[in-house]
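# Coordinates in review
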Amino acid sequence: MELPTALRQGVDSLLEKVPLPALKQAARTLSERYRAELRDGRLHMGEDMAVKAYLATRLPATYAAVRACLDALADARPDFQPKSLLDIGAGPGTMLWATADTWPELERAVLVEASAAVRKVGQSLAAGAIAVRASWVAGDATIDLDGLDPADLISVAYVLDEIAPASLPKLVDRLWRLTADTLLIVEPGTPAGWQRILAARRQLIEAGAHVSAPCPHEAPCPLAPPDWCHFSRRVARSRLHRLAKDADVPWEDEKFIYLAASRLPAPARASRVIAPPKGGSGKVVLKLCQPNGHAGERLSSKRDGDVFKAARRADWGDTFG
């Protein structure tokens with residue numbers, strides 16, 4: 001999933017004259033902070049150069065991940081046509097761009113972001129390029145949600161890992177109260193990210209939410225450590241990205257995990273492919289999370305006809321059956 005043309009052009013313009021040594025150092029620092037899941041009171045993107053490093057090295061991957069989540073939500077809930085978005089921890093507007101691309105009828109958005117440097121860049125990128133009426137609000141996810149209006153879609157992407165675990169239940173509760181239809185949470189596809197999603201999932205189901213995606217059920221997750229649920233999107237690296245990261249491979253795999261919790265149930269539920277398909281001579285093995293709450297592998301062979309053809313087309317993260 002590539003960046004929208006207008007967004008890519010805006011990013012290229014902002015990065016055009018940035019010195020490569022400074023960008024590489026900022027990219028290293030940013031990567032170290034994300035990998036360590038640091039919560040030291042400092043913003044990951046508090047400075048202008050950190051924002052530029054994010055645009056060069058992280059934006060394409062996070063965009064691909066959130067766009068995949070929105071696609072899954074749209075597939076599960078074809079009746080869902082959000083007119084309003086409230087994005088918490090909005091960064092440079094990644095979710096805004098992805099949501100507007102998924103649902104062109106989106107009318108208005110409120111984007112809450114603590115970093116002034118990020119808000120400035122986000123406003124600059126969206127100005128004149130997106131028709132949505134967007135309001136950028138200075139605020140911290142854990143303390144500055146008072147006074148916000150409900151929205152059809154509430155999103156919080158790559159944010160929970162930056163918040164103290166003790167504060168997460170209160171945040172999830174406040175976000176659900178603001179949710180007119182669907183709350184989307186996206187986290188890094190790590191075992192720790194999965195555990196945060198599981199905790200939010202349990203809390204939201206207890207509050208009456210219906211899981212729209214990725215789970216095809218509201219039963220306890222059938223996976224157990226060391227296994228964990230996550231998905232992946234392969235993203236092409238730009239020349240600048242490769243230079244900033246000293247990377248030889250022209251692509252990267254962005255692993256993520258998400259939860260779409262809705263006020264209304266999905267009209268139908270199909271199994272979800274929760275691991276890369278395994279193929280062989282005339283056969284395909286899919287690991288599926290099923291509507292009955294169980295997970296396991298399913299073998300399809302040529303003798304299965306159309307089922308086999310569908311299994312060959314299925315990818316990690318797709319619905320099946």
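You'll find the structure just up there.
What comes next is a walk through the structure. (Residues numbered from 1 in each chain as written. Predicted model: local features only at pLDDT ≥ 70, side-chain atom pairs only at ≥ 80, totals over all residues. Heavy atoms only, no water.)

## Points about the overall build of the protein
The number of helices and strands found in the protein is 10 helices and 13 strands. For the protein, the C-alpha radius of gyration of 20 Å lies close to 20 Å, the compact-globule estimate for 321 residues. The principal-axis extent of the C-alpha atoms belonging to the protein is close to 60 × 45 × 35 Å. Per-residue burial over the protein gives 50% buried out of 321 residues. Long-range pairs, those at least 24 residues apart, make up 72% of the contacts in the protein between residues at least 6 apart in sequence. For the protein, the accessible surface area stands at approximately 14,900 Å², while carbon and sulfur atoms represent 51% of it. Measuring between centres, the 42 positive side-chain charges of the protein sit 5 Å from its 39 negative side-chain charges. (Helix = DSSP H or I, 4+ residues; strand = E, 2+ residues; numbered from the N terminus. Rg over C-alpha atoms; globule rule 2.2 N^0.38 Å. Buried < 20%, exposed > 50% of the residue type's maximum accessible area, 1.4 Å probe, protein only. Contact = heavy atoms within 4.5 Å. Areas by Shrake-Rupley, 256 points an atom, 1.4 Å probe, with all protein chains shown as cover. Lys, Arg positive; Asp, Glu negative; His and termini not counted. Charge placed at Lys NZ, Arg CZ, Asp CG, Glu CD.)

## Here's the deal with the side chain of Arg272
Within the element layout of this structure, Arg272 appears in strand β9 (residues 271-273). Although Arg272 is buried, it forms no salt bridge, and the closest oppositely charged side chain is Asp75 at an N-O distance of 5.6 Å. Of the polar contacts made by the side chain of Arg272, one reaches the backbone oxygen of Gly317; its length is 3.0 Å. Filtering out sequence-adjacent residues up to four positions away, Arg272 remains in contact with Ala72, Ala213, Pro214, Phe231, Tyr258, Lys287, Leu288, Cys289, Gly317, Asp318 and Thr319. (Salt bridge = Lys/Arg side-chain N within 4 Å of Asp/Glu carboxyl O. Polar contact = N/O pair within 3.5 Å; in protein donor to acceptor, adjacent residues only side chain to side chain.)

## So, the pairing of strand β3 (residues 133-138)
Pairing of strand β2 (residues 108-113) with β3 involves six bridges; the strand directions are parallel. Looking at the pairing, Ala109 lines up with Ala134 of β3. One crossover worth recording links β2 to the parallel β3 by way of helix α6 (residues 116-126), and it is right-handed. (Pairing = 2+ DSSP bridges. Right-handed = clockwise from strand over helix to strand, strands pointing away.)

## Re the packing of aromatic side chains
Inspection of every chain in the model, using the stated rule, returns four aromatic pairs. Centroid distance Phe231 to Phe256: 6.2 Å. Interplanar angle 45°. Geometry classified as tilted. On the criterion of sequence distance, the pair formed by Phe231 in strand β7 (residues 231-236) and Phe256 in strand β8 (residues 251-262) is long-range, its members being 25 residues apart. The exposure class of Phe231 is buried, given its relative accessible area of 2%. (Phe/Tyr/Trp six-rings, centres within 6.5 Å; stacked < 30°, edge-to-face > 60°.)

## Some words on the layout of surface pockets
Size it by volume and the second largest pocket reaches roughly 410 Å³. Mapped by element, the contributors of at least two residues to the lining of the second largest pocket are α1 (5-15), α3 (48-57), β7 and α9 (239-245). Along the lines of polarity and charge, the residues of the lining of the second largest pocket split into 10 nonpolar, two polar and seven charged. (1 Å grid on protein atoms, 1.4 Å probe; cavity = no way out; pocket = protein on both sides within 12 Å on 5 of 7 lines; lining within 4 Å. Points joined across faces, edges and corners; volume = space filled by probe spheres on them. Nonpolar A, V, L, I, M, F, W, Y, C, P; charged D, E, K, R; others polar.)

## Some details on the nonpolar core
Counting residues in hydrophobic clusters, the biggest one holds 90 residues, and the most contacted among them are Ile88, Leu96, Leu184, Leu204 and Tyr258. Ranked by residues supplied to this core, first place goes to helix α4 (residues 59-76) with nine residues. With near-sequence residues (within four places) excluded, Leu184 lies in contact with Cys69, Leu70, Met95, Leu153, Ile154, Ser155, Val156, Tyr258, Leu259 and Ala260. The next biggest cluster of nonpolar side chains, apart from the first, holds eight residues, and it includes Val284, Leu286, Phe308 and Phe320. (Core = buried A, V, L, I, M, F, W, Y, C linked by side-chain atoms within 4.5 Å.)

## Looking at empty space enclosed by the protein
In the structure shown here, the tally under the stated rule is one cavity of 30 Å³ or more. Looking at the largest cavity, its volume works out to about 150 Å³. Around the largest cavity, the lining comprises 18 residues; the ones closest to its centre are Arg201, Pro214, Cys215, Cys221 and Cys229. Those elements that place two or more of their residues in the lining of the largest cavity are α8 (191-206) and β8. Tallied by class, residues from the lining of the largest cavity come to 15 nonpolar, one polar and two charged.

## Quick word on the environment of Gly293
Looking at where Gly293 falls in the secondary structure, it is placed in the loop between β11 (283-289) and β12 (295-301). Residue class for Gly293 comes out buried when judged on its relative accessible area of 11%. With 76 residues separating them in the primary sequence, Gly293 and His217 have C-alpha atoms 5.9 Å apart. Sequence-distant contacts of Gly293, that is, excluding residues within four places in its chain, are made with His217, Ala219, Pro220 and Pro222.

## Examining the environment of Leu243
Considering the arrangement of structural elements, one finds Leu243 in helix α9. For Leu243, a relative accessible area of 31% corresponds to the partly exposed category. Between the alpha carbons of Leu243 and Ala260 there is a distance of 36 Å; along the sequence they are 17 residues apart. Leaving out residues up to four positions away in the same chain, Leu243 has contacts with Leu20 and Lys24.

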